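Residues per chain, in single letters:
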Amino acid sequence: MVMIMVSAKKLNRKRIPIIIITVLLAFCAVSMAATKMIYDRIFARYDTPANIPKALCQMVKDRQVCQFPSDGQVLAGYYYRAKEPSKAPGLIVFVPGFHAGGDDYLWQISQLLDYGWGVFTFDNTGTLQSAGDSQVGFSQSVPDLQAALKYVENHQRFGYNKLVLIGHSRGAYAACCALENTQDVAAVVSVSGVNSAMEAVMQMSTNAIGPVSYGNYGFLWLYQAMLFGADSLDMQASEVISKSTVPVLVVHGIRDADFPPDAGSIISHKEEIQSSQVEYLLYDAGHTDIMYDADGTANDGLMEQIHQFLMRSIGQ
């Protein structure tokens, strides 16, 4: 009887590692499945069209609608010709933010056209007129912008000499990251810019399900690495800006609750940015309303400062 009990104890001890491993594997499987579900929900396809103001309908009718490939999907681009192309200071590529397409920035584009610029913008993968079953993820904005820039270059920048980038939120991150591989950009403007994919996704996930998201940090990192590669997660806008000699204007709202000026945003990494070519501009505004005046049109003060910065940057 004693021998049987001893044997039973030895058998139970042998089972303990198996049980632990089984539990860990089950936990990992459940956590990864939950991570994918949360991530895919955040980056589901976005099809909410912008409200096109009557005052801007003619501008929309006059634009040139384009198509270009990005990661196997066909994206929709929109070119707005400068009022006097021969006198235009250059071409602006306007990069939309999360849950937004090119039409969500029509007032800002109209203002830039009034200043004499030509403008090209687009809908990201999985957004509005662009193909894609989903928006894929935060980092997708980087290859989408690269594809847009390739299209613009293949069309000789529509005849403009200077090329500058303006991005909002996720688009600001992509615009700054473009400096890593694009040599001919004359200036970049980041409005409400996010610093990195991991910081962005953690903030979005926390907003969606609360602090429990931090328990899934490793799984969020792994899932994004599977989608975009580990290198994409290491890319931080602040580091790219530091390594570049291109002038960059970093604009942020002090009331930005989505990506606060002290956490997750480009401006929160201000002390780490080692570049004499960077200017900073703080507004008493939030993440998106920084772009608008009280009447719903473009923030005239901001657009004027952006225009003046770009003109200084290109030497005019």
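Residues numbered from 1 in each chain as written. Predicted model: local features only at pLDDT ≥ 70, side-chain atom pairs only at ≥ 80, totals over all residues. Heavy atoms only, no water.

Considering the layout of surface pockets
For clarity, the threshold we go by: For each structure, a 1 Å grid was placed over the protein atoms alone; sets of points admitting a 1.4 Å probe that cannot get out are labelled cavities, open sets with protein on both sides within 12 Å along at least five of seven lines are labelled pockets, and lining residues have an atom within 4 Å of a point. Grid points are joined across faces, edges and corners, and a volume is the space filled by probe spheres set on the points. By definition, any uninterrupted DSSP run of H or I lasting at least four residues is a helix, any uninterrupted run of E lasting at least two residues is a strand, and each is numbered from the N terminus. We call Asp, Glu, Lys and Arg charged. Ala, Val, Leu, Ile, Met, Phe, Trp, Tyr, Cys and Pro are nonpolar, and the rest, Gly among them, are polar.
Space inside the second largest pocket adds up to approximately 160 Å³. Residue lining of the second largest pocket: Asp71, Ser139, Val142, Pro143, Gln146, Tyr173, Asn181, Phe228, Ser232 and Met235, and that is the complete set. Here the element with the most residues in the lining of the second largest pocket is helix 4 (residues 141-154); it accounts for three residues. Per-class residue counts for the lining of the second largest pocket are five nonpolar, four polar and one charged.

A look at a negative patch on the surface
Short version of the rule: Patch building starts from residues that exceed 30% relative accessible area and form no salt bridge, then joins like charges within 9 Å and nonpolar side chains (Val, Leu, Ile, Met, Phe, Trp, Tyr) within 5 Å. Only the protein chains shown count as covering a residue, and every accessible area follows the Shrake-Rupley method with a 1.4 Å probe. By convention in these notes, a salt bridge is any Lys or Arg side-chain nitrogen within 4 Å of a carboxyl oxygen on Asp or Glu. Here the positive residues are Lys and Arg and the negative ones are Asp and Glu; neither His nor the chain ends is included. Every charge is mapped onto a representative atom, which is NZ of Lys, CZ of Arg, CG of Asp or CD of Glu.
Together, Asp231, Asp234, Glu239, Glu271 and Glu272 make up a region of like negative charge exposed at the surface. As for its position among the elements, glutamate 272 is in the loop between strand 7 (248-253) and strand 8 (278-283).

Points about the environment of alanine 197
The following threshold applies: For every residue, the accessible area obtained with a 1.4 Å probe (protein chains only) is divided by the maximum for its type, and the residue is called buried under 20%, exposed over 50%, and partly exposed between those limits.
Within the secondary structure, alanine 197 sits in helix 6 (residues 197-209). For alanine 197, a relative accessible area of 0% gives the class buried.

Observations concerning the sheet that holds strand 5 (residues 163-168)
What counts here: Here a strand pair is declared whenever DSSP counts at least two bridges between the two strands. Axes here refer to lines fitted to C-alpha atoms; in helices the fit is confined to the stretch in contact. Angles between the N-to-C directions go from 0 to 180 degrees. Contact definition: two residues touch when any of their heavy atoms are within 4.5 Å.
Judged by pairing direction, the sheet is mixed, and its eight strands sit side by side in the order 1-2-4-3-5-6-7-8 without closing on themselves. The open sheet is flanked by strand 1 (64-70) and strand 8, the only strands paired with a single partner. Mean inter-strand twist for the sheet, computed between neighbouring axes without regard to direction, equals 20°. Strand direction decides the pairing type here: strand 3 (residues 91-95) and strand 4 (residues 118-122), joined by four bridges, are parallel. Within strand 4, the residue paired with valine 93 across the bridge is phenylalanine 120. Helix-sheet contacts for helix 4 involve strand 1, strand 2 (73-80), strand 3, strand 4 and strand 5, and the interaxial angle to strand 1 is about 125°.

Quick word on the packing of aromatic side chains
Definition in use: Classification of ring pairs rests on two measures: the distance between centres of Phe, Tyr or Trp rings, Trp counted by its six-membered ring, which must be within 6.5 Å, and the angle between planes, read as stacked under 30 degrees, edge-to-face over 60 and tilted in between. As a reminder, the over-ring test applies to NZ of lysine and CZ of arginine, requiring each to be within 6 Å of the ring centre and within 35 degrees of the ring normal.
Overall, the coordinates contain 13 aromatic pairs when judged by the stated rule. Measuring from ring centre to ring centre gives 6.2 Å for phenylalanine 68 and phenylalanine 120, while their planes differ by 50°; the resulting arrangement is tilted. Within this pair, whereas phenylalanine 68 is found in strand 1, its partner phenylalanine 120 is found in strand 4, the two being separated by 52 residues in sequence. Summarising the burial analysis for this pair, phenylalanine 68 and phenylalanine 120 share the class buried. Ring geometry for tyrosine 151 against phenylalanine 158: centres 6.5 Å apart, planes inclined by 50°, an arrangement best described as tilted. Each member of the pair, tyrosine 151 as well as phenylalanine 158, is classed as buried. Pairwise contacts between aromatic rings join Phe68, Tyr79, Phe120, Phe122, Tyr151, Phe158 and Tyr160 into one cluster. One cation-aromatic arrangement involves lysine 270 over tyrosine 280; the distance from NZ or CZ to the ring centre is 4.7 Å.

Re unusual backbone geometry
The backbone phi angle of aspartate 71 is positive, close to 50°, even though this residue is not glycine. Considering the arrangement of structural elements, one finds aspartate 71 in the loop between strand 1 and strand 2.

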